[in-house]
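Commentary on secondary and tertiary structure
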Amino acid sequence: MGIEALSRGAAKVYFVESNQEAAELIAANLKSLNIGTGFEILRQDVKRGLTALERQTVLPDFIFIDPPYRERKAYDETLTFLGNSQLSAQASIVVEHEKRFDPGEQVAGVVRSRLLRQGDAALSFYRRMPK
């Protein structure tokens, strides 16, 4: 999704990836497409990466979350972090997950606005709840 966003004109994309092999694959894919700017790869777990971005006041307007499907706890932890963060009310959070798994209608300060099922996967779209 991040590479697609860059190809469509995104000003900056942050890839947060704790798996070293996956981070190297992202870097290799960017290089193979001659994309050398407009991104940063944060090679750390999602909570540390998002905390670092928040400290820099760089929480993006569009966030795509795709943890390994078996790590169901990561969905709640990440959505809870974002719900309690300084995330913009206009920000969109898209969560990819198994169709049989529901990350929840409402988690911390975010609420699902749409659920789209595709084959064995699903996308849940969230927004910050009004304060």
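Quick look at the structure, then.

About the criteria used
Residues numbered from 1 in each chain as written. Predicted model: local features only at pLDDT ≥ 70, side-chain atom pairs only at ≥ 80, totals over all residues. Heavy atoms only, no water. Salt bridge = Lys/Arg side-chain N within 4 Å of Asp/Glu carboxyl O. Buried < 20%, exposed > 50% of the residue type's maximum accessible area, 1.4 Å probe, protein only. 1 Å grid on protein atoms, 1.4 Å probe; cavity = no way out; pocket = protein on both sides within 12 Å on 5 of 7 lines; lining within 4 Å. Points joined across faces, edges and corners; volume = space filled by probe spheres on them. Helix = DSSP H or I, 4+ residues; strand = E, 2+ residues; numbered from the N terminus. Nonpolar A, V, L, I, M, F, W, Y, C, P; charged D, E, K, R; others polar. Phe/Tyr/Trp six-rings, centres within 6.5 Å; stacked < 30°, edge-to-face > 60°.

Side note on the pattern of salt bridges
Close approach of charged atoms allows side chains of opposite charge to pair. Scanning the model with the defined rule gives six salt bridges in all. Arg-8 is paired through a salt bridge with Glu-4; the nearest N and O atoms lie 2.4 Å apart. By relative accessible area, which is 67% here, Arg-8 ends up exposed. Glu-98 is paired through a salt bridge with Arg-100; the nearest N and O atoms lie 3.2 Å apart. Since its relative accessible area comes to 18%, Glu-98 is described here as buried. In the salt-bridge network here, residues are joined through shared partners; they are Arg-72, Glu-98 and Arg-100.

Digging into the layout of surface pockets
Over the atoms rolls a probe the size of a water molecule, and its path tells where empty space is left. Considering only enclosed or pocket space, the largest pocket measures out at about 1,300 Å³ in volume. Along the wall of the largest pocket there are 39 residues; nearest its centre are Val-16, Val-46, Phe-64, Ile-65 and Asp-66. Sorting the residues of the lining of the largest pocket by element identifies α1 (2-7), β1 (13-16), α2 (20-32), α3 (46-55), β3 (62-65) and α4 (72-83) as the ones contributing at least two each. The residue makeup of the lining of the largest pocket, split by class, is 23 nonpolar, eight polar and eight charged.

Observations concerning the packing of aromatic side chains
Tallied over the entire structure, the rule returns two aromatic pairs. Between Phe-15 and Phe-39, the ring centres sit 6.5 Å apart and the planes meet at 70°, which makes this aromatic pair edge-to-face. Remark: Phe-39 occurs in strand β2 (residues 39-42) and Phe-15 occurs in strand β1; sequence separation between them is 24 residues. Its relative accessible area of 11% is what places Phe-15 among the buried residues. Of the residues examined, Phe-39 reaches a relative accessible area of 22% and is grouped as partly exposed. Geometrically, the ring pair formed by Tyr-75 and Phe-101 is tilted, given 5.2 Å between the ring centres and 50° between the ring planes. One end of the pair, Tyr-75, is in helix α4; the other, Phe-101, is in the loop between β4 (92-98) and β5 (106-107), with 26 residues separating them in the sequence. Since its relative accessible area comes to 2%, Tyr-75 is described here as buried. Among the residues examined, Phe-101 registers a relative accessible area of 14% and is labelled buried.

In short, shape yes, function no, at least from these values alone.
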